Amino acid sequence: MATLEISLLCGLPISPLTIPVAMACSVMSDIDEANSNVLNKLISKDSTRNIHSVILFLFAIISFYMYQKTGLNLYMATIFALVFTLLASRWLTSNLVRSLVISAVFFLIGASMYLHNFNIGYTLFTLLIGVYPLLKHRGISHSLLALAIIFLIFTCIEKGGGPSNLAYPASIAYASHLVFDMTTKRGVALFLPFSEKYYRFANLKVGSLLSNLVEKIVILALAILLLVTLAYRYKFNF
């Protein structure tokens, strides 16, 4: 809603794709958090646990086979396989598996798009989504550099023959997420990779009663402001 409101106030054209693009860009920066709701929508925790279990099972079988090939007896090979599988499970967590699987899927899609000569903007956007799960949470994905990259990618989409009037709404939506994150205790490092200083203008705790209340109030206020703006434009044909 913030994107629509700002676009209307600035006189920016709004296309049928504005809303879905704004929705995607307003949440995509949270793909760098393994437990985020965005990743839960892409791949459920149950699916992640199943994939994690299969990978560890395969690792145990491969370890057992390799150690048995070294001449160890059956019992020693079993013990070594179990030990190394246990050590691997401490590093290869379920959350890491989820991030790796999602990254791999989007990298494959992006590679396929490149090989089939898709619009370079679409390809870059797909690859960018693949990179985000591998990044540190609230790191460079929450910076002005990432915002500039989003603007450039959607500009490439427009210049490459894709839908027009997407670059500014996408950038506004992405920026709105950064602004809301600046109301939390941690804030965001706007100037990464040049500075690691985190900036914030409020001290809300994510998920707290006050934070949720403020979020609902802001959404309601934006909805009312959007309706008023639309009514004004309709009345005066502006």
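Since this is a predicted model, take the numbers as computed values, not measurements. (Residues numbered from 1 in each chain as written. Predicted model: local features only at pLDDT ≥ 70, side-chain atom pairs only at ≥ 80, totals over all residues. Heavy atoms only, no water.)

### Side note on helix H7 (residues 120–131)
Here is step 1: With 12 residues, H7 extends 16 Å between its outermost C-alpha atoms, agreeing within 8% with the 16 Å of an ideal straight helix rising 1.5 Å per residue.
Here is step 2: Among all positions in H7, only Gly-121, Thr-123, Phe-125, Thr-126, Leu-128, Ile-129 and Gly-130 are buried.
Here is step 3: Tucked inside the fold, the buried residues of H7 contact helix H6 (94–115) and helix H8 (144–159).
Here is step 4: A side-chain oxygen of the first residue of H7 lies 2.7 Å from the backbone nitrogen of Gly-121; this N-cap is Asn-119. (Helix = DSSP H or I, 4+ residues; strand = E, 2+ residues; numbered from the N terminus. Expected span 1.5 Å × (residues − 1). Buried < 20%, exposed > 50% of the residue type's maximum accessible area, 1.4 Å probe, protein only. Contact = heavy atoms within 4.5 Å. Polar contact = N/O pair within 3.5 Å; in protein donor to acceptor, adjacent residues only side chain to side chain.)

### Some details on the confidence of the model for the protein
Here is step 1: Mean pLDDT over the protein works out to 80, with 84% of the residues at or above the 70 mark.
Here is step 2: Mean pLDDT across the elements of the protein bottoms out in helix H1 (residues 2–9) (56) and peaks in H8 (94). (pLDDT = per-residue confidence, 0-100.)

### Overview of unusual backbone geometry
Here is step 1: With omega at 5 degrees, the peptide bond leading from Leu-192 into Pro-193 counts as cis.
Here is step 2: The topology assignment puts Pro-193 in the loop between helix H9 (167–181) and helix H10 (209–236).
Here is step 3: Even without being a glycine, Asn-117 presents a positive backbone phi close to 60 degrees.
Here is step 4: Secondary-structure assignment places Asn-117 in the loop between H6 and H7.
Here is step 5: Positive phi is not limited to glycine here, since Asn-165 has a value of about 60 degrees.
Here is step 6: You can see Asn-165 is positioned in the loop between H8 and H9.

### What about the nonpolar core?
Here is step 1: By size, the foremost hydrophobic cluster in this structure holds 29 residues, and its most contacted members are Met-28, Ile-150, Phe-154 and Tyr-174.
Here is step 2: Examining the composition of this core, we find that 6 residues originate from one element, H8, more than from any other.
Here is step 3: Among all residues touching Phe-154, those that are not within four sequence positions of it are Val-21, Cys-25, Phe-125, Leu-166, Ala-167 and Ala-170. (Core = buried A, V, L, I, M, F, W, Y, C linked by side-chain atoms within 4.5 Å.)

### Things to note about the packing of H6 against H7
Here is step 1: Contact geometry for H6 and H7: axes closest at 7 Å, N-to-C directions at 165 degrees. One element, H6, and the other, H7, form an angle in the roughly antiparallel class. Note that H6 runs across H7; the crossing there is left-handed. Contact residues: H6 offers Ser-103, Phe-106, Phe-107, Ile-109, Gly-110, Ala-111, Met-113 and Tyr-114, while H7 offers Tyr-122, Thr-123, Thr-126, Leu-127, Ile-129, Gly-130 and Val-131.
Here is step 2: Classifying every residue of the contact of H6 with H7 by side-chain character gives 10 nonpolar, 5 polar and no charged. (Axes fitted to C-alpha atoms, helices over the stretch in contact; angles between N-to-C directions. Parallel < 35°, antiparallel > 145°, perpendicular 65-115°, else oblique. Left-handed = near helix turned anticlockwise from the far one by under 90°. Nonpolar A, V, L, I, M, F, W, Y, C, P; charged D, E, K, R; others polar.)

### Focus: the side chain of His-177
Here is step 1: Tracing the backbone shows His-177 in helix H9.
Here is step 2: Note on His-177: relative accessible area 11%, which makes it buried.
Here is step 3: If near-sequence neighbours (up to four positions away) are discounted, His-177 is found in contact with Ser-26, Val-27, Ser-29, Asp-30 and His-142.

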